[in-house]
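# Structural characterization, general
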Amino acid sequence: MTGTEQSTGSKAAAAIDRARAQGRAALIGYLPAGYPSVQATIDAGIAMARNGADLIEIGIPYSDPVMDGSVIQAATTQAIADGFRVASVFDVVAGITAATDAAVLVMTYWNPVVRLGVDDFARRLAEAGGAGLITPDLIPDEAADWMEASDKYGLDRVFLVAPSSTPQRLASTVAASRGFVYAVSIMGVTGARTAVSNVAEKLVADTRAAGAERVCVGLGVSNADHVREIAAYADGVIVGTALVAAIRDGGVPAVAALTKELSSGLAPAAKGGA
Amino acid sequence: MVDSPSVTSGTNDETAGPAEAFLEGKESLRHASGPYFGPYGGRWMPESLIAALDELEDTFEKAKADPEFIAQIADLNKNYSGRPSLLTEAKRFSQHAGGVRIFLKREDLNHTGSHKINNVLGQALLAKRMGKTRVIAETGAGQHGVASATAAALLGLECVVYMGAEDTRRQALNVARMKLLGAEVVPVTNGSQTLKDAINDALRDWVANVDTTHYLLGTAAGAHPFPAMVRYFHEVIGEEARAQVLEQTGKLPDAVCACIGGGSNAIGIFHGFLDDPSVKLYGFEAGGEGVESGRHAATITLGRPGVLHGARSYLMQDEDGQTVESHSISAGLDYPGVGPEHAYLADIGRVSYEPITDAEAMDAFRLLCRTEGIIPAIESSHALAGAIKVGQRMAAERGDVSDAVVIVNLSGRGDKDVATAAEWFDLLDDNSAEAEIGKEGEQL
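As a starting point, this report considers the structure included with it. Note that the coordinates shown come from a computational prediction; the quantities given were computed from them, not determined experimentally.

### As for the overall build of chain B
A tally of helices and strands in chain B yields 17 helices and 14 strands. Computed over its C-alpha atoms, the radius of gyration of chain B comes to 20 Å, within 12% of the 22 Å expected for a compact globule of 444 residues. C-alpha extents for chain B along the principal axes are approximately 65 × 60 × 50 Å. Looking at chain B as a whole, 62% of its 444 residues are labelled buried. For chain B, the share of sequence-separated contacts (at least 6 apart) that also reach a separation of at least 24 residues comes to 74%. When the accessible surface of chain B is summed, it comes to about 15900 Å², and 50% of that surface belongs to carbon and sulfur atoms. Within chain B, the 63 negative side-chain charges are centred at a point lying 4 Å from the centre of the 39 positive side-chain charges.

### Here we look at the overall build of chain A
Across its full length, chain A holds 11 helices and nine strands. Scaling as 2.2 N^0.38, a compact globule of 274 residues should have a C-alpha radius of gyration of about 19 Å, and chain A matches this with 17 Å. Principal axes of the C-alpha set define a box for chain A whose edges measure 45 × 40 × 30 Å. Within chain A, buried positions represent 63% of all 274 residues. Partitioning the intrachain contacts of chain A with sequence separation of at least 6 by distance along the chain shows that 74% fall at a separation of at least 24. With an accessible surface of roughly 9100 Å², chain A has 53% of that area assigned to carbon and sulfur atoms. Computing the positive centroid from 21 side-chain charges and the negative centroid from 28, chain A places the two 4 Å apart.

### Topic: the sheet that holds strand β2 (residues 40-44) of chain B
Residue and element names in this part refer to chain B. Taken in spatial order, the four strands line up as β1-β2-β12-β11 in an open sheet, and their pairing is antiparallel. What marks the edges here is a single partner per strand, and that holds for β1 (36-37) and β11 (304-308). Contacting β1, β2 and β12 (310-315), helix α13 (residues 340-347) crosses the sheet at an angle of about 45° to β12.

### Some details on the environment of V291 of chain B
All names here are of chain B. Note on placement: V291 falls in the loop between β10 (280-288) and α12 (299-302). The exposure class of V291 is partly exposed, given its relative accessible area of 27%. As for V291 and L76, which are separated by 215 residues in sequence, their C-alpha atoms are 40 Å apart. Excluding residues that lie within four positions of it along the chain, V291 makes contacts with H296, A298, L302 and P355.

### Some thoughts on the nonpolar core
Counting 158 residues, the largest nonpolar core has L55, I56, W110, W146, F180 and Y182 of chain A together with W206 of chain B as its most contacted members. For this core, the leading source of residues is helix α11 (residues 241-263) of chain A, giving eight residues. Those residues within four positions of W206 of chain B in sequence are excluded, and the remaining contacts are L49, A52, L53, I136, T213, H214, Y215 and F226 of chain B. Core analysis: the second largest hydrophobic core is formed by 35 residues, F103, V245, I267 and A346 of chain B among them.

### Examining the interface of chain A and chain B
With 35 residues of chain A at the contact, the number on the chain B side is 35 residues. With both chains or domains summed, chain A and chain B bury close to 3000 Å², and 47% of this area falls on carbon and sulfur atoms. Viewed at the interface, chain B and chain A are joined by four salt bridges. Where E47 of chain B meets R169 of chain A, a salt bridge forms, and the shortest distance between an N and an O atom there is 3.0 Å.

### Quick notes on the sheet that holds strand β7 (residues 181-184) of chain A
Backbone hydrogen bonds are what pair the strands of a sheet, in a parallel or an antiparallel way. All names here are of chain A. Read from one edge to the other, the open sheet built from nine strands follows the order β5-β4-β3-β2-β1-β9-β8-β7-β6, with strand pairing classed as parallel. Where the open sheet ends on each side, the last strands, each with one partner, are β5 (156-158) and β6 (160-161). Looking at chain direction, strand β2 (residues 55-59) and strand β3 (residues 103-107) are connected through five bridges and run parallel. Residue pairing across strands places I56 opposite V104, the latter belonging to β3. Across the sheet, helix α7 (residues 144-153) touches β4 (132-134) and β5, and the angle it forms with β5 is around 145°.

### Let's talk about the side chain of R350 of chain B
All names here are of chain B. Assignment of secondary structure puts R350 in the loop between α13 and β13 (351-357). Here R350 is buried and forms no salt bridge, its nearest opposite-charge partner D275 lying at an N-O distance of 6.5 Å. A polar contact of 3.0 Å, which involves the side chain of R350, links it to the backbone oxygen of L274. There is a polar contact of 3.0 Å between the side chain of R350 and the backbone oxygen of D276.

### Details of the pairing of β12 of chain B
Residues and elements named next belong to chain B. Counted residue by residue, β12 has five buried out of six residues, so it is predominantly covered. Sheet topology places β2 next to β12; two bridges connect them, and they run antiparallel. In the strand pairing of β12, G41 is matched with R312. Pairing of β11 with β12 involves five bridges; the strand directions are antiparallel. Each bridged residue has a counterpart across the sheet, and for V307 the counterpart in β12 is R312.

### Section: the pattern of salt bridges
One pass over the full model with this rule turns up 46 salt bridges over all chains. For R398 of chain B, the salt bridge goes to D254 of chain B, with nearest N and O atoms at 3.4 Å. In this pair, R398 of chain B sits in helix α15 (residues 378-398) while D254 of chain B sits in the loop between α10 (226-249) and β9 (255-260), placing the two residues 144 residues apart along the sequence. What makes D254 of chain B buried here is its relative accessible area of 17%. The partner of E289 of chain B in a salt bridge is R295 of chain B, with the nearest N and O atoms 3.0 Å apart. R295 of chain B gets classed as partly exposed once you look at its relative accessible area, which sits at 36%. A cluster of three or more residues bridged by salt bridges with shared partners is formed by E5, D17, R20, R208, E213, R214 and D235 of chain A.

### Concerning helix α3 (residues 67-81) of chain B
Residues and elements named next belong to chain B. Taking 1.5 Å per residue, 15 residues should reach 21 Å; α3 reaches 20 Å between its end C-alpha atoms and fits that length. Buried within α3 are the following residues: F69, I73, L76, N77 and S81. Buried residues in α3, looked at end-on, bunch into an arc of 100°, giving them a common side. Residues of α3 that are exposed and point over 90 degrees away from its buried face: P67, E68, K78 and N79. Tucked into the core, α3 has its buried residues touching α2 (50-64), α5 (116-129), α6 (143-155) and α10. A positive backbone phi angle near 95° is found at G82, which sits one or two residues after α3.

### Topic: the packing of aromatic side chains
Residue and element names in this part refer to chain B. Summed over the entire model, instances satisfying the criterion amount to 12 aromatic pairs over all chains. Consider the rings of F60 and Y232, whose centres lie 5.3 Å apart with planes at 75°: the pair is edge-to-face. A residue pair is termed long-range when its members are at least 10 positions apart, and F60 in helix α2 and Y232 in helix α10 qualify at 172 residues. For F60, a relative accessible area of 2% corresponds to the buried category. For Y232, a relative accessible area of 23% puts it in the partly exposed group.

### Things to note about the packing of α2 of chain B against α10 of chain B
Residues and elements named next belong to chain B. Look at α2 against α10: their axes get within 11 Å of each other, and the N-to-C directions meet at 30°. Between α2 and α10, the interaxial angle falls into the category roughly parallel. α10 is crossed by α2, and the crossing has left-handed handedness. Where α2 abuts α10, its residues L53, L56, F60 and K64 lie against F226, A228, M229, Y232 and F233.

Here is what the cut-offs are and how they apply
- Residues numbered from 1 in each chain as written.
- Chains lettered and ligands numbered in written order.
- Predicted model: local features only at pLDDT ≥ 70, side-chain atom pairs only at ≥ 80, totals over all residues.
- Heavy atoms only, no water.
- Helix = DSSP H or I, 4+ residues; strand = E, 2+ residues; numbered from the N terminus.
- Rg over C-alpha atoms; globule rule 2.2 N^0.38 Å.
- Buried < 20%, exposed > 50% of the residue type's maximum accessible area, 1.4 Å probe, protein only.
- Contact = heavy atoms within 4.5 Å.
- Areas by Shrake-Rupley, 256 points an atom, 1.4 Å probe, with all protein chains shown as cover.
- Lys, Arg positive; Asp, Glu negative; His and termini not counted.
- Charge placed at Lys NZ, Arg CZ, Asp CG, Glu CD.
- Pairing = 2+ DSSP bridges.
- Axes fitted to C-alpha atoms, helices over the stretch in contact; angles between N-to-C directions.
- Core = buried A, V, L, I, M, F, W, Y, C linked by side-chain atoms within 4.5 Å.
- Buried area = accessible area lost by both parts, 1.4 Å probe.
- Salt bridge = Lys/Arg side-chain N within 4 Å of Asp/Glu carboxyl O.
- Polar contact = N/O pair within 3.5 Å; in protein donor to acceptor, adjacent residues only side chain to side chain.
- Expected span 1.5 Å × (residues − 1).
- Arc of directions from axis to C-beta.
- Phe/Tyr/Trp six-rings, centres within 6.5 Å; stacked < 30°, edge-to-face > 60°.
- Parallel < 35°, antiparallel > 145°, perpendicular 65-115°, else oblique.
- Left-handed = near helix turned anticlockwise from the far one by under 90°.

Everything listed here is a matter of coordinates, which is why it stays silent on function.
Encoded structure:
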């Protein structure tokens with residue numbers, strides 16, 4: 001199976017293309033919903049969009065986040081302990097999309113979607129103005145009902161590729177994706193690292209060779225230097241743990257400041273989108 | 001917020017339609033290869049691990065067809081684990097089960113004291129075949145951790161065991177046992193600090209170290225090929241039991257009983273009898289303090305389908321799809337998921353799944369000690385308690401059941417559970433060190 005990822009009607013692809021038109025990579029900022037509160041997530045999402053983030057990724061706190069390191073685990077565990085309910089993610093998405101032009105994606109482990117019902121979940125996400133889903137534990141092989149629902153409601157489906165992915169899997173994952181393809185920079189879980197792995201650049205090249213037009217890199221990206229390094233070869237740079245630490249330690253102002261700093265790495269025309 | 005009893009489980013469905021169709025069509029329920037068991041199973045895993053799962057599946061399929069591998073397993077089973085394990089008639093215990101003849105499949109007599117050794121030896125050999133030098137494992141009470149450390153020591157592999165921090169305190173002796181065997185034990189402080197969180201941390205380790213490391217999953221759950229592969233290494237239980245019961249009684253049993261956590265010992269013994277329609281199969285889940293209490297691990301009885309740890313199966317979850325913490329006096333059954341093949345066998349009605357409470361299990365535990373001189377694992381005591389119910393129901397239906405035969409898979413021995421039992425039955429002197437620890441709120 002070969003072919004490019006789909007982009008028709010894709011909000012995520014459009015946001016990446018706007019950045020590209022400015023001669024730079026896109027910045028994608030992640031925060032989990034409900035940490036420290038639903039309103040804080042909305043405010044922080046808006047702050048990210050106004051300080052240079054082109055796409056906002058809102059995570060659903062989940063009891064068994066196997067792809068997350070300790071910082072994000074601590075945040076999402078706290079959100080659940082504080083009474084976070086999955087349906088409030090739609091309020092977060094609606095709140096951010098109402099105030100900004102950023103594309104808002106939801107990052108979720110798959111069981112909360114199964115529990116709510118894949119079609120229902122997709123419908124409510126679309127109604128809230130969401131762009132689509134990033135699915136860390138759903139591979140295209142198991143995604144038949146999500147393919148159907150995302151087509152029905154015009155949602156992006158961002159699957160992951162990894163340094164361990166075979167050429168065949170790169171091709172089938174690219175073909176199943178819409179919006180962009182998420183390349184994990186390292187074999188590991190989320191968390192700040194001192195250096196960006198050098199396997200990421202090769203993975204981006206391989207994913208492009210498999211047909212992808214938009215490849216964004218995440219995992220271990222935590223400062224403007226990392227952003228600059230990745231922006232040189234990828235279409236977008238995804239930052240998570242560093243922003244979660246920022247909201248933990250300094251609230252929304254710290255998220256705004258860090259986003260501004262990160263966006264300075266989006267060479268060459270380091271302009272913040274709004 | 002926990003789901004109320006669901007009609008979707010089909011556990012009490014007496015009509016075994018699809019199962020009988022299988023049998024009438026001369027199709028076998030045995031050797032189901034995965035990745036799917038009806039709508040269950042699959043690979044709900046991060047892409048980062050898919051290549052490793054593919055490699056494992058490929059290695060496993062080749063090994064199954066390799067006479068050298070088969071001979072290696074047979075040799076280890078015989079000369080290291082001590083197989084075949086006995087089939088022992090429990091005559092005095094049987095008097096409490098309506099008068100049926102109860103036979104115990106003695107997995108408790110295996111090296112390391114439970115059925116777990118069958119699977120760890122097989123997987124550790126596969127790890128060597130893949131050129132991996134390190135194995136990781138999760139453990140609740142420590143049985144699978146001890147078995148994994150044992151296999152790693154035998155085959156010269158590095159071994160790291162993830163164990164909930166709470167469990168490392170409750171099972172300090174098993175932690176010492178693993179360390180004696182050369183394993184590193186990592187206390188897990190994330191989430192609920194129990195078995196499911198130990199699995200999460202093992203998966204995180206695996207993602208980061210997959211080049212050198214095999215994840216030696218301890219039960220017939222998880223992503224394909226684990227459910228079918230773990231069953232394969234435990235099929236010897238059912239095959240031996242079937243031959244032994246035919247030899248000792250001249251006929252097939254009326255029923256086979258096993259306890260279910262993830263379901264590895266059960267699927268191993270059921271395998272031998274799945275295609276014998278006259279043999280009723282019973283899986284006994286941990287009912288904890290009672291299924292109405294909300295504090296239990298009766299996944300099939302009260303759960304609903306979802307995805308966790310790589311497979312679609314029944315799952316204890318709340319209205320948001322968050323995994324609900326399970327509760328059982330038996331750490332080995334204290335898991336909010338269950339293997340996907342069991343979910344399928346429940347749906348088609350081939351196996352009946354029922355909950356057994358902590359109290360029922362402990363009564364059966366004591367009864368076996370006193371009638372047979374065998375101290376069973378508390379896990380296995382759930383199967384014993386279930387067999388008593390099955391025998392009494394058969395007696396109520398048929399009257400004379402003196403020729404009826406019921407096999408119980410005695411999956412492990414209870415030496416590890418002596419402290420828990422001593423506390424449960426209040427056998428400790430108030431001045432003993434153990435009782436002092438108990439007063440401080442520690443489960444022994």
